[in-house]
Amino acid sequence: MTASRTTAVNWAAFAGAEPDFARIVEDRFGAFTHHVLATLRKDGSPRTSGLEVRFLDGELWLGMMPGSLKVLDLRRDGRFSLQANPGEGTGMGGGDVRISGRAVEVEDGEARGGYVKEVEPPQPFHLFRTELTEVVRTYVEDDTYLVAQVWKPGEPVRTLKRT
């Protein structure tokens, strides 16, 4: 059975399907600590917030301070888009990387305990695991082509080039 475009998978499923692409994306997020999370406000308009992320135990984790607006947004509507920090200047080594999907709050003590042991976040905090619906990398190749790599669950990576 082939996954539909709306199917969401965790980080391990993405990394298993596309290990080279997943490594590039993880390295891009690993280059900086802070990234940009886009959520949806109550009225449907976008909200962007700074965020630290962790790739741990086959999951992409989003940890947040209690009562933050992004927590309230994700509890109401789990859809998100996460943009890797582009870094200084205009070089964007490794390309521009974005992950989209749904965030699911984790209240299970064992899952939270493993995260706390590894990450040591300030307490208290909210924890969300992610279900991916799209991963995109955009970069310039040979100073000539704008290249976009797009992955969705159940599909191979599509590579689009334009001058």
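The text that follows walks through the structure, step by step, so that each part is easy to find.

1. Concerning the overall build of the protein chain
Per the secondary structure count, the protein chain includes four helices and eight strands. Taking 163 residues into account, the globule formula puts the C-alpha radius of gyration at 15 Å, and the protein chain, at 16 Å, falls close to it. When burial is assessed residue by residue, the protein chain has 37% of its 163 residues classed as buried. Taking the contacts inside the protein chain whose residues are at least 6 apart along the sequence as the reference set, 58% of them involve residues at least 24 apart. Accessible area for the protein chain stands at about 9200 Å²; split by element, carbon and sulfur atoms hold 50% of it. Charged side chains in the protein chain number 21 positive and 24 negative. The centres of these two groups are separated by 6 Å.

2. Overview of unusual backbone geometry
Even without a glycine there, the phi angle at D57 is positive, about 55°. Along the chain, the position of D57 falls in the loop between β2 (46–56) and β3 (59–64). On the basis of relative accessible area, D57 is assigned to the exposed category, the value being 69%. Although it is not a glycine, D142 sits at a positive phi angle of roughly 55°. Tracing the sequence through the fold places D142 in the loop between β6 (126–141) and β7 (145–151). Assessed through its relative accessible area of 61%, D142 is described here as exposed.

Definitions and limits used
- Residues numbered from 1 in each chain as written.
- Predicted model: local features only at pLDDT ≥ 70, side-chain atom pairs only at ≥ 80, totals over all residues.
- Heavy atoms only, no water.
- Helix = DSSP H or I, 4+ residues; strand = E, 2+ residues; numbered from the N terminus.
- Rg over C-alpha atoms; globule rule 2.2 N^0.38 Å.
- Buried < 20%, exposed > 50% of the residue type's maximum accessible area, 1.4 Å probe, protein only.
- Contact = heavy atoms within 4.5 Å.
- Areas by Shrake-Rupley, 256 points an atom, 1.4 Å probe, with all protein chains shown as cover.
- Lys, Arg positive; Asp, Glu negative; His and termini not counted.
- Charge placed at Lys NZ, Arg CZ, Asp CG, Glu CD.

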